[in-house]
Amino acid sequence: MEPQLLLIKILEIFKLTFTLIVLSYASWSDWKTREVTNYAWIIFAPVGLALTLLEIYLSGNIMLLYLLAISIMIIAGITIPVFYLGLFGGADVKALLCLALTFPWPLKIFQPLLSFTQIFPFSFSIFTNSLILSLLLVPIILLKNFFFKIMGGSLFDGFEEEKIRKKFFALLLGFKVKKEIIAKRPYMFMILEEKQVTRDRETRRKLNLSIKPIHWQNTINVEDLPENVWVTPTIPMIVFIELGLIVSIFLGDILFWILTKIF
């Protein structure tokens, strides 16, 4: 093996190990508190970029700079608007931008099981795999609602006037929890219902499935909430981003593989 190629492989191992250490810490913090210190990204971004530039230098292929630029532009162009829509947290965007700096192309030391021609930057594969893996929450939520129902719980008591369509999406997006749980861990949930005062001065509950963060309107404290409240979990997305990285390396780009099988 040529010394240059050997150095690149050693560099890739170091890059992957460093990334997994940072993302593991960030995933743990995101899981526990739904927050990640900016120090993680302050360290990750410059080190990841330096390792990528060193790899370009060792390879002698200046064209890789264009792939690095494309990686940054695509991930920034997707994640920043999504952040302003309220669908991603700031830490999620920072994690993906750091990965765009660190992994603009696949690692050479591993061959993914799903072999295909890489069209988009590798960081885009990490992004799409992360989203696909996060969808695994949907069947988990459905099972939670199923067991809640068979244990005698009432899913839509007080929501009889709501449309079937809204109830269907509520079953996919959320579940009911006791208000005491919300009081203990408010950062883990966004509330999927609100109370409204009708013209007859009657108070009724209504499902609110807006993509924006939802809050219980006109609520002063937790005691004003109903006993069981429809909520959607705040997703610890960095956990899925790290899993997306691992899947991208060892399995491949799931979305692109599916598209190649369809078309």
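Structure: above.
Calculation rules
- Residues numbered from 1 in each chain as written.
- Predicted model: local features only at pLDDT ≥ 70, side-chain atom pairs only at ≥ 80, totals over all residues.
- Heavy atoms only, no water.
- Pairing = 2+ DSSP bridges.
- Helix = DSSP H or I, 4+ residues; strand = E, 2+ residues; numbered from the N terminus.
- Axes fitted to C-alpha atoms, helices over the stretch in contact; angles between N-to-C directions.
- Contact = heavy atoms within 4.5 Å.
- Phe/Tyr/Trp six-rings, centres within 6.5 Å; stacked < 30°, edge-to-face > 60°.
- Lys NZ or Arg CZ within 6 Å of the ring centre and 35° of its normal.
- Patch = residues over 30% accessible without salt bridge, like charges linked within 9 Å, V, L, I, M, F, W, Y side chains within 5 Å.
- Areas by Shrake-Rupley, 256 points an atom, 1.4 Å probe, with all protein chains shown as cover.
- Salt bridge = Lys/Arg side-chain N within 4 Å of Asp/Glu carboxyl O.
- Buried < 20%, exposed > 50% of the residue type's maximum accessible area, 1.4 Å probe, protein only.
- Expected span 1.5 Å × (residues − 1).
- Core = buried A, V, L, I, M, F, W, Y, C linked by side-chain atoms within 4.5 Å.

Asks: Just to check I follow, could you spell out the sheet that holds strand 2 (residues 189–191) for this structure?
Replies: Strand pairing in a sheet takes place through backbone hydrogen bonds and is either antiparallel or parallel in direction. One open sheet accounts for three strands, arranged 1-5-2; its pairing is antiparallel. Both edges of this open sheet fall to strand 1 (175–178) and strand 2, since each of them pairs with a single strand only. Sheet twist, expressed as the average angle between the axes of neighbouring strands with direction ignored, equals 60°. Sheet topology note: the strand 2/strand 5 (residues 228–233) ladder contains three bridges and is antiparallel. Looking at the pairing, Met 190 lines up with Thr 232 of strand 5. Running over the sheet, helix 6 (residues 137–150) touches strand 1 and strand 5 and is turned about 60° from strand 1.

Asks: I'm lost on the packing of aromatic side chains in this one. Help?
Replies: For any pair of aromatic rings, the description consists of the separation of the ring centres together with the inter-plane angle of the planes. Here the structure, examined in full by the defined rule, presents 13 aromatic pairs. Seen in terms of ring centroids, Phe 88 and Phe 127 are 6.2 Å apart; in terms of plane orientation they differ by 75°. Their pairing is edge-to-face. Pair noted here: Phe 88 is in the loop between helix 3 (64–84) and helix 4 (90–102) and Phe 127 is in helix 5 (residues 122–134), with a separation of 39 residues, a long-range link. Here Lys 15 stacks its cationic end above the ring of Phe 103, 5.6 Å away from the centre of that ring. Across the ring face of Phe 175, the terminal group of Lys 144 is positioned such that the distance to the ring centre comes to 5.1 Å.

Asks: I would appreciate a short explanation of a nonpolar patch on the surface in the present structure.
Replies: On the surface, Leu 255, Trp 257, Ile 258, Leu 259, Ile 262 and Phe 263 cluster together into a nonpolar patch covering about 600 Å² of accessible area. Summarising the element assignment, Ile 258 is placed in helix 10 (residues 254–262).

Asks: I'm lost on unusual backbone geometry in this one. Help?
Replies: A negative phi holds for most residues other than glycine; trans holds for most peptide bonds. Here the phi dihedral of Arg 34 falls at roughly 60°; this positive angle occurs in a residue that is not glycine. With respect to the helices, strands and loops of the structure, Arg 34 is situated in the loop between helix 1 (3–33) and helix 2 (39–59). Using a relative accessible area of 18% as the deciding quantity, one classes Arg 34 as buried.

Asks: Where do I start with helix 5 in this structure?
Replies: Along an α-helix, residues three or four positions apart point the same way, because every turn accommodates 3.6 residues. If you check helix 5, its first and last C-alpha atoms are 19 Å apart, about what 13 residues at 1.5 Å a residue would give, namely 18 Å. Most of helix 5 is tucked away: 11 of the 13 residues are buried. Along helix 5, the residues classified as buried are Phe 122, Ser 123, Phe 124, Ser 125, Ile 126, Phe 127, Thr 128, Asn 129, Ser 130, Leu 133 and Ser 134. In the core, the buried residues of helix 5 are packed alongside helix 3, helix 4, helix 6, helix 9 (237–250) and helix 10.

Asks: Would you mind going over the nonpolar core with me for this structure?
Replies: Side chains of a nonpolar character, in soluble globular proteins, are inclined to be buried together. Counting 33 residues, the largest nonpolar core has Trp 41, Phe 44, Leu 99, Phe 103, Ile 238 and Leu 245 as the members making the most contacts within it. For this core, the elements supplying multiple residues, two or more each, are helix 1, helix 2, helix 4, helix 5 and helix 9. If sequence neighbours within four positions are ignored, Ile 238 has contacts with Leu 23, Ala 26, Ser 27, Asp 30, Val 36, Trp 41, Ala 91, Asp 92 and Ala 95. Ile 141, Ile 182, Leu 225 and Val 231 belong to the second-largest nonpolar core, a separate cluster that totals 10 residues.

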